[in-house]
Amino acid sequence: MNITVINGTEKQGVTYRLKEIFLAAFRDKANITEYFFPKDCPSFCMGCLSCTLKGESTCKDAEYIERIDKSLLEADLIVMTSPVYVFHATGAMKAFFDHFAYHWMPHRPALEMFGKRAVIITQCLGSGAKSAAKDIKHSLSWWGISKIGIFTGALMGDIVWENLSQKKQAELTGRVQKLSCKFAHIDYTKPAHTNLITKFKFFICRMMQKSIHKSDSEYLDGKYWAEQGWLGKNRPWRTQKM
């Protein structure tokens, strides 16, 4: 089993501790690859559109993006972690998703993503955790991922794990272990179910790509959809590569 972890910060704080608790159930049975931002994805997307118009290998940051992309496509489980910064995921996490615009369903979604599972872990001082988790889930769902587990934690007294009360530590630990247990008992040899919302998004994008491909058969996105057979009867949730 392969797990790819995307950390929205290099700081080893409460979010890091919760992620470690979650991964404990997988340590003896999974190959875990972690990335920490901004270290492993240090540059902002410049909005040049090269990845969508000419191919992801033409991105100025391809040396970073291609390595992470390979790990994501090979993963059976994707774990996304981010503390809350002003009610949202970290800026580094947003920069990461910007770089992967070419994987969005309106462009060239990866076949493998439709059968994957993901977990989001986020926490904050007070409110905002649900908003940050929504940020991340929104992008993952547009990659084609339907099965997404979410942990959100609210810290009311301190933002340092060691300074939290034993009661608060126990509460957070128990909740994240419950989520971990749920995902640890999944049979990862079988692809995740693709829900109706994801299928609806796919069909809307299919209509768009079918029209574009008809008018310009060499346009990269439409050509990709045609090669996958998605403009015909093929559907990614029927042929996931797991």
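Residues numbered from 1 in each chain as written. Predicted model: local features only at pLDDT ≥ 70, side-chain atom pairs only at ≥ 80, totals over all residues. Heavy atoms only, no water.

Caption draft 1: Representation of the pairing of strand β4 (residues 117-125) within the structure. Most of β4 sits inside the fold, with eight of its nine residues counted as buried. Traced from strand β3 (residues 77-83) through helix α4 (residues 91-99) to β4, the parallel crossover comes out right-handed. The pairing of β4 with strand β5 (residues 147-155) spans nine bridges and is parallel. Bridge pairing in β5 links C124 to A154. A crossover connection joins β4 to the parallel β5 through helix α5 (residues 129-143); in handedness this β-α-β unit is right-handed. (Buried < 20%, exposed > 50% of the residue type's maximum accessible area, 1.4 Å probe, protein only. Helix = DSSP H or I, 4+ residues; strand = E, 2+ residues; numbered from the N terminus. Right-handed = clockwise from strand over helix to strand, strands pointing away. Pairing = 2+ DSSP bridges.)

Caption draft 2: Highlighting the sheet that holds β5. Sheet architecture is open: five strands sit in the order β2-β1-β3-β4-β5, paired in parallel fashion. In this open sheet, the two edge strands, each paired with only one partner strand, are β2 (31-36) and β5. Put simply, the sheet's adjacent strands are angled 15° from each other on average, direction ignored. Where strand β1 (residues 2-7) meets β2, six bridges bridge the pair, whose relative direction is parallel. Directly across from V5, in β2, lies its bridge partner E34. Strand contacts of helix α1 (residues 14-23): β1, β2, β3, β4 and β5, with the helix running at about 145° to β4, the strand carrying the most contacts. This element, helix α6 (residues 166-184), spans β3, β4 and β5 of the sheet and lies at about 180° to β5. (Axes fitted to C-alpha atoms, helices over the stretch in contact; angles between N-to-C directions. Contact = heavy atoms within 4.5 Å.)

Caption draft 3: Seen up close, the packing of α4 against α5. α5 packs onto α4 with a crossing angle of 15° between their chain directions and a minimal axis gap of 11 Å. The angle between α4 and α5 falls in the class roughly parallel. Crossing handedness for the pair α4 and α5: left-handed. In this structure, α4 uses M93, F96 and F97 to contact α5, whose residues at the interface are I136, S139, L140 and W143. Per-class residue counts for the contact of α4 with α5 are six nonpolar, one polar and no charged. (Parallel < 35°, antiparallel > 145°, perpendicular 65-115°, else oblique. Left-handed = near helix turned anticlockwise from the far one by under 90°. Nonpolar A, V, L, I, M, F, W, Y, C, P; charged D, E, K, R; others polar.)

Caption draft 4: Examining the nonpolar core more closely. Of all hydrophobic cores here, the largest spans 30 residues; its most connected members are I6, I68, L72, M80, F96, L140 and W143. Residue contacts for L140: discarding those within four places in its chain leaves M80, F97, A118, I120, I145 and I148. Residues V5, L18, I121 and W161 belong to the second largest nonpolar core, which totals 23 residues. (Core = buried A, V, L, I, M, F, W, Y, C linked by side-chain atoms within 4.5 Å.)

Caption draft 5: Highlighting the packing of α1 against α6. Between α1 and α6, whose axes approach to 8 Å, the crossing angle comes to 40°. It follows that α1 is oblique to α6 by the angle criterion. Where α1 crosses over α6, the two elements pack in a sense that is right-handed. Touching L18, I21 and F22 of α1 are L172, T173, V176, Q177, L179, S180 and F183, all from α6. Grouping the amino acids of the contact of α1 with α6 by side-chain chemistry returns seven nonpolar, three polar and no charged.

Purely geometric numbers; function is a separate question.
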